[in-house]
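Residue-level structural notes
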Amino acid sequence: MPAVRIRRRRAVALASAAVLAGLAVPALTPATAGASASAHEAPAAQARVAVVADYYERAEGKTGDDLRDALNTIVSDQTKLSYSAVWDALKDTDEDPANSGNVVLLYSGVSRSKSLNGGDTGDWNREHVWAKSHGDFGTSTGPGTDIHHLRPADVQVNSVRGNKDFDNGGSAVANGGGSLTDSDSFEPRDAVKGDVARMIFYMAVRYEGTDGWPDLEPNGSVNNGSAPYIGKLDVLKAWNEQDPPDAFEQRRNDVIHVSYQHNRNPFIDHPEWVESIW
């Protein structure tokens, strides 16, 4: 690609980031805040739509494999984090909007102090939603440190999830906020089912086996083991429909784009693209 086009893309990306930086906080303003807040949010929302549209310009009008290829090109332009840097990033991306000293834990929904990150009971740790053993990519810089699928989780609940595939059904997980599990699958609480699905679909589009990492793909199975697959595809698609992106998930996407990886999860911005690709 000619250098002038690369410079133009970088300039557009920086301008988009500047706009999103101003939108990250208003995106969390509750609808109950009153008419004056709504008046301020309307132009901000319009600006956000424009920024998102610009980011996906090269995917416009595409469907199926063509859309998938375009999204892979777009989101692969990212800044990579070290695994140690993930701790501080998650304290920002998953901050509790009601308590800036806490993060919201993915599976349980509990708000917990940012300082309680670690490996002991009562701590929160870094959950790989796409289990790192599915493709055996570990915690090396790349898919193992991609914060689009790394979330704070209660240590014990995270241990119960382990590397299980996602499916419906099972018994209640202790302190899991309504999550269920059985011998070969895990079902997150209703409020984050769509979040989980969209993280899985992001990983599948981002990591296509072309940059030294495994070609990740959702499939229709459980017990995928170390293969680079996670199931179940039909369940994940249903969760994407049942639980659309909310303000917390949208803000998280914006913060990752502006402050950390400088790329986005397309399926938070366009959940309808799941059906187009899968």
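Here the structure is a predicted model, which is why all the values come from computation and not from measurement.

1. Focus: empty space enclosed by the protein
Applying the stated rule across the entire model yields 1 cavity of 30 Å³ or more. When its volume is computed, the largest cavity comes out at roughly 50 Å³. Counting residues per element, the ones that place at least two in the lining of the largest cavity are helix H6 (193–206) and helix H8 (247–260). The residue inventory of the lining of the largest cavity, partitioned by class, reads 2 nonpolar, 2 polar and 4 charged.

2. Comments concerning the environment of Asn-240
With respect to the helices and strands, the residue Asn-240 is situated in helix H7 (residues 233–242). With a relative accessible area of 5%, Asn-240 lands in the buried category. Sequence separation between Asn-240 and Asp-195 is 45 residues; the distance between their C-alpha atoms is 7.5 Å. Discounting chain neighbours no more than four positions away, the residues touching Asn-240 are Gly-194, Ala-197, Arg-198, Pro-271 and Val-274. One polar contact links Asn-240 to Arg-198, side chain to side chain, over a distance of 2.9 Å.

3. Section: the sheet that holds strand E8 (residues 180–181)
Strand order in the open sheet formed by 4 strands is E6-E9-E8-E7, with mixed pairing between adjacent strands. Taken across any chain shown, the strands that pair with only one partner, and hence form the sheet edges, are strand E6 (165–166) and strand E7 (171–172). Two elements, E6 and strand E9 (residues 185–187), share 2 bridges in a ladder whose sense is parallel. The partner of Phe-166 across the bridge, within E9, is Phe-186.

4. Brief notes about the packing of aromatic side chains
Scanning all chains against the criterion turns up 8 aromatic pairs. A ring pair is formed by Phe-166 and Trp-239, whose centres lie 6.3 Å apart and whose planes are at 70°; its orientation type is edge-to-face. With Phe-166 in strand E6 and Trp-239 in helix H7, the pair connects residues that are 73 residues apart, well separated along the chain. Classification of Trp-239 by relative accessible area gives buried; the value is 1%. Here the aromatic cluster, defined as three or more aromatic residues joined through ring pairs, consists of Tyr-55, Tyr-56 and Trp-273. Sitting above the plane of the Tyr-83 ring, Arg-126 keeps its charged end 3.6 Å from the centroid. When the ring centre of Trp-239 is taken as reference, the NZ or CZ atom of Lys-193 above it lies at 5.7 Å.

5. Quick word on the pattern of salt bridges
With the rule as written, the count across this model stands at 17 salt bridges. Ionic pairing is found between Asp-88 and Lys-91, a salt bridge with its closest N-O pair at 3.9 Å. Of this pair, Asp-88 and Lys-91 both sit in helix H4 (residues 83–93), separated by 3 residues, roughly a single helical turn. With relative accessibility at 52%, the residue Asp-88 sits in the exposed group. Exposure remark for Lys-91: the relative accessible area of 21% places this residue in the partly exposed category. Across the pair Lys-237 and Glu-275 runs a salt bridge whose closest N-O atoms are separated by 3.6 Å. Of this pair, Lys-237 sits in helix H7 while Glu-275 is found in helix H10 (residues 273–277), placing the two residues 38 residues apart along the sequence.

Conventions adopted
- Residues numbered from 1 in each chain as written.
- Predicted model: local features only at pLDDT ≥ 70, side-chain atom pairs only at ≥ 80, totals over all residues.
- Heavy atoms only, no water.
- 1 Å grid on protein atoms, 1.4 Å probe; cavity = no way out; pocket = protein on both sides within 12 Å on 5 of 7 lines; lining within 4 Å.
- Points joined across faces, edges and corners; volume = space filled by probe spheres on them.
- Helix = DSSP H or I, 4+ residues; strand = E, 2+ residues; numbered from the N terminus.
- Nonpolar A, V, L, I, M, F, W, Y, C, P; charged D, E, K, R; others polar.
- Buried < 20%, exposed > 50% of the residue type's maximum accessible area, 1.4 Å probe, protein only.
- Contact = heavy atoms within 4.5 Å.
- Polar contact = N/O pair within 3.5 Å; in protein donor to acceptor, adjacent residues only side chain to side chain.
- Pairing = 2+ DSSP bridges.
- Phe/Tyr/Trp six-rings, centres within 6.5 Å; stacked < 30°, edge-to-face > 60°.
- Lys NZ or Arg CZ within 6 Å of the ring centre and 35° of its normal.
- Salt bridge = Lys/Arg side-chain N within 4 Å of Asp/Glu carboxyl O.

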